[in-house]
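Single-letter residue listing:
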Amino acid sequence: GDDNSGRKVITFSCCRMPPSHQLNHTRLLEYLKYTLDQYVENDYTVVYFHYGLKSLNKPSLKWLQTAYKEFDRKYASKIFAPIQLHLFSSMIFNSLLTISFFFFFPRYKKNLKALYVVHPTNFIKILWNIFKPLISHKFGKKITYLNYLSDLREHLKYDQLNIPQEVIRHDENLRGKQKGKPPPVVKVPPPRPPLPTQQFGVSLQYIKDKNKGELIPPVVKETVSYLKRKGLQVEGLFRRSASIQTIKDVQKLYNQGKSVNFDDYHDIHIPAVILKTFLRELPQPLLTFECYDHILGITSVESSLRVTRCKQIIQGLPEHNYVVLKYLICFLHMVSQESIYNRMTASSLACVFGLNLSWPSKGTASLSALVPLNLFTELLIDFYTNIFNSRTVPGE
């Protein structure tokens with residue numbers, strides 16, 4: 001899922017770890033690297049469910065040392081002295097596996113923007129305070145302790161998370177043990193009807209009807225136009241996040257039909273995040289639910305026929321979706337043409353936009369879906385002219 005800033009969320013559930021003697025730790029290490037490598041080039045968030053870490057399934061110190069050596073060869077800088085590794089890992093690794101993992105490996109720490117530790121024990125908190133001096137203040141600020149699952153709702157899209165039933169039951173037990181205190185009630189306000197000027201969280205058809213039949217939503221047109229003028233050569237465009245409060249403020253302005261001047265914010269990444277947020281908050285993805293399974297099948301198509309298959313899938317889109325997608329991909333193609341400056345190749349852009357253009361009607365995209373989703377998006381960007389050259393829509 002995504003957090004409230006649109007950053008991808010990775011979850012780590014201790015209760016899912018089997019007994020150490022049954023676990024292939026080499027494969028675990030490979031899986032951790034594979035999973036993280038899907039996201040670490042962009043800003044991302046980690047949710048660590050501590051419940052379920054027991055003496056039976058705690059990885060050994062020897063495994064951590066092996067993991068450190070493995071990552072050190074490829075990723076980690078040499079600034080951490082061996083004595084720091086030994087001191088930190090031998091005393092708190094068994095309780096802070098995920099935290100120490102991101103502490104030691106700068107490749108993964110760089111773009112990690114938030115680390116939520118759910119159901120922390122007092123032992124974790126005490127040890128963390130003891131060893132705070134060994135950890136940079138900047139990294140320490142990224143860590144947030146959450147005592148209950150409901151606390152996650154303030155930070156990310158809770159309903160998108162795949163939370164183990166064991167963790168849910170543990171959370172219910174914790175609430176039941178509160179002495180003299182009724183369990184906190186999470187109040188969900190009834191949905192409000194959208195404003196006539198609403199841009200976020202409403203359908204493309206709704207925006208069209210409220211904007212005199214314009215096919216391209218104002219927020220898309222304005223963000224793309226601004227980024228074309230001032231952002232094409234900005235390094236890491238679309239990879240960086242922006243202030244959560246600023247994004248909310250800009251969304252509010254758009255939803256109220258007020259003008260937005262991005263120059264006032266002095267941050268080129270704000271319009272980039274706004275564009276991604278708009279796509280992500282559509283009730284149905286721009287590539288539609290109906291196309292999702294077809295997109296996942298792109299990897300089974302022979303390489304020489306994949307562009308043709310992409311074209312076939314795109315031809316089946318509703319006219320409005322097709323026009324908006326063509327407008328967006330045309331812009332992303334332009335961004336990729338400036339990759340010598342902005343470092344955003346078609347592949348890099350696909351990693352950012354793949355899950356913002358397509359997702360399943362139920363639940364969230366699985367890890368295995370990332371490859372076909374990103375490949376499909378990369379083909380759209382790379383072969384934009386070929387894929388979008390044969391369909392003309394009235395009013396486009």
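In this text, all values refer to a predicted model and were calculated from it rather than measured experimentally.

*Asks:* Outline the nonpolar core, supporting the account with residue identities and numerical values.
*Replies:* Ranked by internal contacts, the top residues of the largest apolar core, which has 68 residues, are F238, I314 and L325. Sequence-distant contacts of L325, defined by excluding residues within four places in its chain, comprise L286, L287, I314, L317, L357, L380 and F388.

*Asks:* Please provide a residue-by-residue account of the pattern of salt bridges, values included.
*Replies:* In total, this model carries three salt bridges according to the counting rule given. The partner of D171 in a salt bridge is R175, and the shortest N-O contact between them spans 3.3 Å. A residue pair is termed a helical-turn pair when its members lie 3 or 4 positions apart in one helix, as D171 and R175 do in helix α8 (residues 165-176) at four residues. According to the relative accessible area criterion, D171 is buried, its value standing at 6%. Using a relative accessible area of 12% as the deciding quantity, one classes R175 as buried. In this structure, K230 and D263 form a salt bridge, with 2.8 Å as the shortest nitrogen-oxygen distance. Of this pair, K230 sits in helix α10 (residues 218-230) while D263 sits in the loop between α11 (244-255) and α12 (269-280), and the two are 33 residues apart along the sequence. The exposure class of K230 is partly exposed, given its relative accessible area of 43%. The exposure class assigned to D263 is partly exposed, which follows from its relative accessible area of 33%.

*Asks:* Would you mind going over unusual backbone geometry in detail, with residue names and values included?
*Replies:* One non-glycine residue with positive phi stands out, namely F238, at about 80 degrees. On the secondary structure map, F238 appears in the loop between α10 and α11. Even without a glycine there, the phi angle at R343 is positive, about 65 degrees.

*Asks:* Can you explain the sheet that holds strand β4 (residues 143-146)? Please cite residues and give values.
*Replies:* One open sheet accounts for four strands, arranged β1-β2-β3-β4; its pairing is parallel. Here the strands that pair on one side only, and so sit at the sheet edges, are β1 (8-13) and β4. Going across the sheet, the axis of each strand differs from the next one's by a mean of 20 degrees, ignoring polarity. Here six bridges tie β1 to strand β2 (residues 44-49), and the two strands are oriented parallel to one another. Pairing of K8 across the sheet is with Y44, part of β2.

*Asks:* So, the confidence of the model for the chain: which residues are in play, and what are the values?
*Replies:* Put simply, the chain has an average pLDDT of 81, and 74% of its residues get 70 or more. In the model, residues 72-98 has pLDDT below 50 throughout and makes 63 contacts with residues more than four positions away in sequence or in other chains.

*Asks:* Requested: an account of the environment of I10, with residues and values cited.
*Replies:* Inspection of the secondary structure puts I10 in strand β1. Taking C-alpha positions, I10 is 8.5 Å from Y48, a pair spaced 38 residues apart along the chain.

*Asks:* Residues and numbers for helix α15 (residues 319-337), please.
*Replies:* Relative to the 27 Å expected for 19 residues at 1.5 Å per residue, α15 spans 27 Å between its end C-alpha atoms, a close match to the ideal helical length. Among the 19 residues that make up α15, 14 are buried, leaving the element largely enclosed by the rest of the structure.

*Asks:* Hey, could you go over the packing of α12 against helix α17 (residues 346-357) for me, with residue numbers and the actual values?
*Replies:* Running from N to C, α12 and α17 point in directions that differ by 30 degrees, and their axes come no closer than 8 Å. By the criterion of interaxial angle, the relationship of α12 to α17 is roughly parallel. Along this stretch, α12 crosses α17, giving a crossing that reads as left-handed. Along its contact with α12, which presents K276, L279 and R280, the element α17 presents V352, F353, N356 and L357. Here the residues of the contact of α12 with α17 are counted per class, giving four nonpolar, one polar and two charged.

*Asks:* Before we move on, can you summarise the pairing of β2 with the specific residues and values?
*Replies:* Burial runs high along β2: six of the six residues are buried. Residue alternation in β2 divides its side chains into two sets, Y44, V46 and Y48 and T45, V47 and F49, and both sets are buried.

Criteria and thresholds
The written sequence of each chain sets the order in which its residues are numbered from 1. Note on the predicted model: pLDDT of at least 70 is required for a residue's local features to be given, and 80 or more for side-chain atom pairs to be given and counted; whole-chain, interface and lining totals, by contrast, use all residues. Hydrogens and waters are ignored; side-chain quantities use all the structure's heavy atoms. We call a set of buried residues a nonpolar core when its members are Ala, Val, Leu, Ile, Met, Phe, Trp, Tyr or Cys and they connect through side-chain atoms within 4.5 Å of each other. Each residue is assigned to one of three classes by its accessible area relative to the maximum for its type, calculated with a 1.4 Å probe on protein chains only: buried under 20%, partly exposed between the two thresholds, exposed over 50%. By the convention used here, residues are in contact when the closest approach between their heavy atoms is within 4.5 Å. Any Lys or Arg side-chain nitrogen located within 4 Å of an Asp or Glu carboxyl oxygen qualifies as a salt bridge. Strands are runs of DSSP state E lasting at least two residues, helices are runs of H or I lasting at least four, and both sets are numbered from the N terminus onward. For two strands to pair, DSSP has to find at least two bridges joining them. All axes here are fitted lines through C-alpha atoms, helices being fitted over the stretch that makes contact, and every angle between N-to-C directions spans 0 to 180 degrees. Residue-level confidence of the predictor is what pLDDT reports, using numbers from 0 through 100. Expected helix span is taken as 1.5 Å per residue step, with the number of steps being one fewer than the number of residues. Convention used here: angles under 35 degrees read as roughly parallel, angles over 145 as roughly antiparallel, angles from 65 to 115 as roughly perpendicular, and any remaining angle as oblique. Two helices that cross are described as forming a left-handed crossing if the nearer one is turned anticlockwise from the farther one by less than a right angle, and a right-handed crossing if clockwise. For this classification, Asp, Glu, Lys and Arg are treated as charged, while Ala, Val, Leu, Ile, Met, Phe, Trp, Tyr, Cys and Pro are nonpolar and the rest, including Gly, are polar.

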